[in-house]
Every structure is written in structure tokens, then in C-alpha cells.
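In case you want the letters, here they are:
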Amino acid sequence: GKENQDAAFAARPSPDLAIFGVFDGHGRRFGKLAGEVASRVVRSRLCALHRWVELCPDAALQWVFTHAHEEIRTAMVAAAPELLHLQRGHRADFLVEWMTDEDGGGARWDAVDGGTTATVAL
């Protein structure tokens, strides 16, 4: 059967704030990893910075999503060091890997298979 790649959490870091997150990992190779890493990073950072979340939720969420994206990329590279970073400027914008067709007929560079969607409610 198909592997469940979802991750979720509920947290109450202060009496005035409850945080709920659902992460739907996708991609055969890294979907589960992406969902789990995103859930862990978003929960830990939003809970640790709960006062900022209460005062400036939009800025806090934008910041935490940026950091979750970076942590997912780091986890993918740690799991598969052969991945290649394609960069524009000073940022690593894409992860690619060398793909060989199942029938052995061709090979090419392609985007890494994995990511997650995120739904976070405060």
C-alpha cells in the first residue's frame, strides 16, 4: 500500500495561543521526510517564539515557513548526499538528482521528488 506521509501537531505554548499544524508530505522519495521535518520545525519555532506569534502572526509564520523550507532541504541532502544544488545568486534554489529511466533507455537531471503542503492555524 501507499505510505502515509502526513504529519500533524497541536500545541498550546501559552494560555492565549493554541497552534495546530497539518503537513501533507508528497513525493515517493522524500515526502515523509519533508512532512515530518516541517511539522517539527514549525511546532518548535512557533512555540519557542509564542509572544512574537501573538503580536505579529503574519511575520512569524512567514519566518517559520522560510526556516522549515531550509531545514527540509538540509534533511534531504543529509539523507542523499549525491543531490546537486542549483543556485541563483547566494541561495540554493533547487535540488536535482541524476535520474535513469526504468527501462535503462535514458538519463537526465530532474527535480528531487518530495515536499509538503502546510496548513497552520493559530
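A quick note: this is a predicted structure, and the numbers were derived from the prediction, not measured.

Draft legend 1. Spatial organisation of the pattern of salt bridges. Considering all chains together, one arrives at 5 salt bridges under this definition. R29 is paired through a salt bridge with E97; the nearest N and O atoms lie 2.1 Å apart. Linking R29 in the loop between strand 2 (17–26) and helix 1 (31–48) with E97 in strand 4 (residues 91–100), this pair joins segments that are 68 residues apart in sequence. Here R108 ties to D110 by a salt bridge, and the two come within 3.5 Å at their closest N and O atoms. A residue is classified by how much of its surface remains accessible, and D110, at 30% relative accessible area, is partly exposed. Via salt bridges that share partners, R29, E82 and E97 belong to a single interconnected network.

Draft legend 2. Quick look at helix 3 (residues 57–79). Under the 1.5 Å per step criterion, the end-to-end length of helix 3 is 32 Å for 23 residues, consistent within 8% with the ideal 33 Å. Within the span of helix 3, buried status applies to A60, L61, V64, A68, I72, R73, A75 and M76.

Draft legend 3. Quick peek at the layout of surface pockets. Of the pockets and cavities examined, the largest pocket occupies roughly 370 Å³. Counting residues per element, the ones that place at least two in the lining of the largest pocket are helix 1, helix 3, strand 4 and strand 6 (115–121). In terms of residue count, helix 3 provides more of the lining of the largest pocket than any other element does, 6 residues in total. The computed volume of the second largest pocket comes to approximately 160 Å³. As for the second largest pocket, its lining consists of R28, R29, E97, M99, T100, D101, E102, R108 and D113. If you tally residues by element for the lining of the second largest pocket, the top one is strand 4, at 3 residues. Its residues assigned to classes, the lining of the second largest pocket shows 1 nonpolar, 1 polar and 7 charged.

Draft legend 4. Here's a closer look at a nonpolar patch on the surface. A cluster of nonpolar side chains, L84, L86, F94, W98 and W109, forms an exposed patch at the surface whose accessible area comes to about 520 Å². For the nonpolar patch, the secondary-structure elements that each account for two or more residues are strand 3 (84–88) and strand 4. With respect to the helices and strands, W98 occurs in strand 4.

Conventions and cut-offs
- Residues numbered from 1 in each chain as written.
- Predicted model: local features only at pLDDT ≥ 70, side-chain atom pairs only at ≥ 80, totals over all residues.
- Heavy atoms only, no water.
- Salt bridge = Lys/Arg side-chain N within 4 Å of Asp/Glu carboxyl O.
- Helix = DSSP H or I, 4+ residues; strand = E, 2+ residues; numbered from the N terminus.
- Buried < 20%, exposed > 50% of the residue type's maximum accessible area, 1.4 Å probe, protein only.
- Expected span 1.5 Å × (residues − 1).
- 1 Å grid on protein atoms, 1.4 Å probe; cavity = no way out; pocket = protein on both sides within 12 Å on 5 of 7 lines; lining within 4 Å.
- Points joined across faces, edges and corners; volume = space filled by probe spheres on them.
- Nonpolar A, V, L, I, M, F, W, Y, C, P; charged D, E, K, R; others polar.
- Patch = residues over 30% accessible without salt bridge, like charges linked within 9 Å, V, L, I, M, F, W, Y side chains within 5 Å.
- Areas by Shrake-Rupley, 256 points an atom, 1.4 Å probe, with all protein chains shown as cover.

The values reported here are purely geometric and, on their own, carry no functional implication.
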